[in-house]
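# A look at the structure
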Amino acid sequence: MPEIKPLTVYVVDDDAAVRDSLDLFLRAVGERVRTFESGDAFLDAYSPEWRGCILLDIQMPGTSGVDVQEKLIKMNCTMPIIFVTGNADVPMAVEAMHQGAFDFIQKPYRDDELMERISQAMEIHRQSQDEAEYCKDIQRRAATLTPREREVMQHVVSGAANKVVAMDLGLSQRTVEVHRSRVMEKMGARSLAELVRMSISASL
């Protein structure tokens, strides 16, 4: 299993004083931090393996925060974005949220307010990553099924009784029971309800 990257706050702001202040504060409260002086610097360094959240200034020279968001969307980045805005930028930030940004926070902001937003964003990303890993694990288990076992599973998770599955597939009921037992074992499902949840989660 690949190494899971630690959660990090990625700060993107063209103001050096702001970057230094945020870096000092976030490290003091125990967060991992990386700072970038521009949208281009962040995009050049960006890796799909990164986990955490992005604290992104909405107004920067050159590549703006909104430009960064658009490019991250195209790269299928799932990290939550918190935009840092001035009063005049609020309409732009609201539009950014319609495009998928997690939140925005207005300057001047309180440290506890900022940490609340960051904590919420981190938890959401952690949950989404855990769910993604869960789905991958289910798909790995499903890949061990034989074609016949997969057929039986598809019928079973649709709610069909063993007798009906046997008729549909031209098998004996006993054979269906054997296949069903192997499916449950290979998938690690302790009940039909759990097998159904697995099938839905991983879109099997």
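Residues numbered from 1 in each chain as written. Predicted model: local features only at pLDDT ≥ 70, side-chain atom pairs only at ≥ 80, totals over all residues. Heavy atoms only, no water.

### Quick look at the overall build of the protein chain
Helices and strands together make up the secondary structure of the protein chain, namely nine helices and five strands. If you list the helices and strands of the protein chain from N to C, you get β-α-β-α-β-α-β-α-β-α-α-α-α-α. In summary, the protein chain has a C-alpha radius of gyration of 24 Å against a globular reference of 17 Å for 204 residues, an excess of more than 25%. Each principal axis of the C-alpha distribution contributes one length, and for the protein chain these read about 75 × 30 × 30 Å. When the 204 residues of the protein chain are sorted by exposure, 41% land in the buried category. (Helix = DSSP H or I, 4+ residues; strand = E, 2+ residues; numbered from the N terminus. Rg over C-alpha atoms; globule rule 2.2 N^0.38 Å. Buried < 20%, exposed > 50% of the residue type's maximum accessible area, 1.4 Å probe, protein only.)

### What to know about the environment of serine 181
Inspection of the secondary structure assignment puts serine 181 in helix 8 (residues 173–187). Accessibility expressed as a relative area gives 45% for serine 181, which makes it partly exposed.

### Observations regarding the packing of helix 8 against helix 9 (residues 192–201)
Two elements in contact, helix 8 and helix 9, have axes separated by 11 Å at closest approach and are oriented at 65°. Judged by the sense of rotation from one axis to the other, the crossing of helix 8 with helix 9 is left-handed. Contacts between helix 8 and helix 9 involve Arg180, Val183, Met184 and Met187 from the first element and Leu192, Leu195 and Met198 from the second. Of the residues that constitute the contact of helix 8 with helix 9, the class distribution is six nonpolar, no polar and one charged. (Axes fitted to C-alpha atoms, helices over the stretch in contact; angles between N-to-C directions. Left-handed = near helix turned anticlockwise from the far one by under 90°. Contact = heavy atoms within 4.5 Å. Nonpolar A, V, L, I, M, F, W, Y, C, P; charged D, E, K, R; others polar.)

### Thoughts on the sheet that holds strand 3 (residues 51–57)
The pairing of strands in a sheet happens through backbone hydrogen bonds and is either parallel or antiparallel. Pairing is parallel across the open sheet formed by five strands, whose spatial order is 2-1-3-4-5. Among the strands making up the open sheet, the edge pair consists of strand 2 (33–36) and strand 5 (103–106). Direction aside, the axes of adjacent strands within the sheet are offset by 20° on average. Where strand 1 (residues 7–12) and strand 2 come together, four bridges link them in parallel fashion. Counterpart to valine 11 in the pairing with strand 2 is threonine 35. Helix 4 (residues 90–98) rests against strand 4 (81–85) and strand 5 of the sheet, and its axis sits at about 165° to strand 5. (Pairing = 2+ DSSP bridges.)

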